[in-house]
Structures are given as structure tokens and as C-alpha cells.
Amino acid sequence: MRASKTFGLPARVLHWVMAAMVLAMLFVGVGMVASVSERHEFLVALHKPLGIAVLMLVCVRIVVRFSSKPPALPEDLPRWQKAAAHGSHVALYALMIAMPLIGWAMLSAGGYPVTLGGGVQLPAIVSASPVTFAWLRVAHRVLAYLFFLTFLAHFAAALYHGLIRRDGVVRTMVGR
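All values derive from a computational prediction rather than experimental measurement. (Residues numbered from 1 in each chain as written. Predicted model: local features only at pLDDT ≥ 70, side-chain atom pairs only at ≥ 80, totals over all residues. Heavy atoms only, no water.)

Q: Describe in detail the overall build of the protein chain, supporting the description with residues and values.
A: On a plain count of helices and strands, the protein chain comes out with five helices and two strands. Each helix (α) and strand (β) of the protein chain, taken in turn from the N terminus, gives the series α-α-α-β-β-α-α. Dimensions of the protein chain along its principal axes, counting C-alpha atoms only, are 50 × 30 × 30 Å. Going through the 176 residues of the protein chain one by one, you find that 34% of them count as buried. (Helix = DSSP H or I, 4+ residues; strand = E, 2+ residues; numbered from the N terminus. Buried < 20%, exposed > 50% of the residue type's maximum accessible area, 1.4 Å probe, protein only.)

Here it is, written out as C-alpha cells:
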């Protein structure tokens, strides 16, 4: 495999669609737990299928990622920044997998169905247990904060590369 100057179209489309989905998930999640109004049910009904969609798309994204070599980072980028870039990508992928699975497991442990609309209901992935539910709820919340911080760091790095370094890193995901 040889590297190109930009990510392929499937990788770029998945990146931007998933970025919008993840950001929506984070804000819907915050709104969901902060609301006791009639919006709560709507937000829950939106959050569940969106989370499962993120899980499915990250699986596709991993296949796309390993089937093509990504563009190289700039040669003059300090080693620690290259390591941070790779580490943050691993963290983002791990969180895109972990968050939906933990949410699904949490709902399963609470005895709540994971419905995707149209009558589609996913099976429980753990047994009902109030203790497991409570533990997974805390884990889901803590990882959501970590996800948001990682997302912000990724966005800040993109701004740094696009506005300060102007080194072409952002263009690799924009496709120009």
C-alpha cells in the first residue's frame, strides 16, 4: 500500500458523518440527562439508535482504515505530536466502540430495551442487575466526559494544523 496525499473518499465521508453524529450524541446525552421535560423521551429515542449507528459505522470505518494507508504526517512534526496524534486516534476509535456498547449493556442491566425504531429491538447483552446498571451508568458518564475532551483535543489539533502550522494535515481529511 502506498500513501496518498489525502484520505480516500470513504474515509473522509465516514470521518465527517461520524464527527457530526458523535457531537450530536454528546449534546443529546447531556440534554437527555439534564431534562425531566417531555423532551426527555424524544432525546432517549434519538440517543439509542444513534449510538448503535455510531457502533456500526465505526466497524465500517475500521475496515476502511486498515484497507488503505493514511497520508503521512508532516516530516517536521515533533515526535511527541506524532505520538499524540496516533494516541488520540486510538482513543477516539476505542471510545466510539466502548460508549455504545457500555450504553447498550447499561440499558440491558437496567431491564430497558434498546429500540431502534420500526419495532426493532436489540437483545440484552448483560443480565438485569441494579448493581451492574449503576456501575455502567457511572462508566458511561465518565467516558462521555473523556470522549468530549478527546473530541475537543482532536478539534484543537485540527485548528492548530489548519490555522497555525498550515501544513496540509487538515487538507488530507478535506480532500483538497
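Q: Can you explain the pairing of strand β1 (residues 114–117)? Please cite residues and give values.
A: As judged from the three bridges shared by β1 and strand β2 (residues 120–122), these two strands associate in the antiparallel manner. From the neighbouring strand, valine 114 faces β2, where its bridge partner is leucine 122. Once β1 ends, the chain turns through two residues before running back antiparallel as β2, passing glycine 118 with a positive phi of about 65 degrees. (Pairing = 2+ DSSP bridges.)

Q: Report on the pattern of salt bridges, specifying residues and quantitative values.
A: Under the counting rule described, the total for this entry stands at two salt bridges. A salt bridge links arginine 165 to aspartate 76; its shortest N-O distance comes to 2.7 Å. Of this pair, arginine 165 sits in helix α4 (residues 130–165) while aspartate 76 is found in the loop between α2 (39–67) and α3 (79–110), placing the two residues 89 residues apart along the sequence. Put simply, aspartate 167 and arginine 165 hold a salt bridge, and the shortest N to O gap is 2.6 Å. Its relative accessible area of 23% is what places arginine 165 among the partly exposed residues. Residues joined in a network through salt bridges with shared partners are Asp76, Arg165 and Asp167. (Salt bridge = Lys/Arg side-chain N within 4 Å of Asp/Glu carboxyl O.)

Q: Go over α4, please, and point to the residues and values.
A: Over its 36 residues, α4 extends 50 Å from the first C-alpha to the last, a length consistent with the 52 Å expected when each residue adds 1.5 Å. Within the span of α4, buried status applies to Phe133, Leu136, Ala139, His140, Phe147, Thr150, Phe151 and His161. The inward-facing, buried residues of α4 abut α1 (9–34), α2, α3 and α5 (169–174). Where α4 ends, the next residue or the one after it, arginine 166, has phi of about 45 degrees, a positive value. (Expected span 1.5 Å × (residues − 1). Contact = heavy atoms within 4.5 Å.)

Q: Any details on the packing of aromatic side chains? Residues and values, ideally.
A: On inspection of all chains with the given rule, the structure shows two aromatic pairs. Taking the centre distance of 6.1 Å and the plane angle of 85 degrees together, the rings of phenylalanine 27 and phenylalanine 148 count as edge-to-face. Of this pair, phenylalanine 27 sits in helix α1 while phenylalanine 148 sits in helix α4, placing them 121 residues apart in sequence. Ring centres of tyrosine 112 and phenylalanine 133 lie 6.0 Å apart, and the angle between their planes is 55 degrees; this geometry places the pair in the tilted category. Of the two residues, tyrosine 112 sits in the loop between α3 and β1 while phenylalanine 133 sits in helix α4, which places them 21 residues apart along the sequence. Accessibility expressed as a relative area gives 46% for tyrosine 112, which makes it partly exposed. Of note, arginine 65 hangs over the ring of phenylalanine 66, and the distance from its end group to the ring centre comes to 5.7 Å. (Phe/Tyr/Trp six-rings, centres within 6.5 Å; stacked < 30°, edge-to-face > 60°. Lys NZ or Arg CZ within 6 Å of the ring centre and 35° of its normal.)

Q: Can you break down the side chain of histidine 15 residue by residue, with the values?
A: Turning to its location among the elements, histidine 15 is positioned in helix α1. Relative accessible area serves as the criterion here: at 12%, histidine 15 is assigned to the buried category. Ignoring anything within four residues of it in the chain, the contact list for histidine 15 reads Arg61, His154 and Met173.

Q: Summarise α2; cite the residues concerned and give the values.
A: A rise of 1.5 Å per residue sets the reference length of α2, with its 29 residues, at 42 Å; its end C-alpha atoms lie 41 Å apart and thus fit the reference within 8%. Within α2 the residues assigned to the buried category are Leu43, Val44, His47, Lys48, Leu50, Gly51, Ile52, Val54, Leu55, Val58, Arg61 and Val64. Where α2 is buried, its residues meet α1, α3, β1, β2 and α4.

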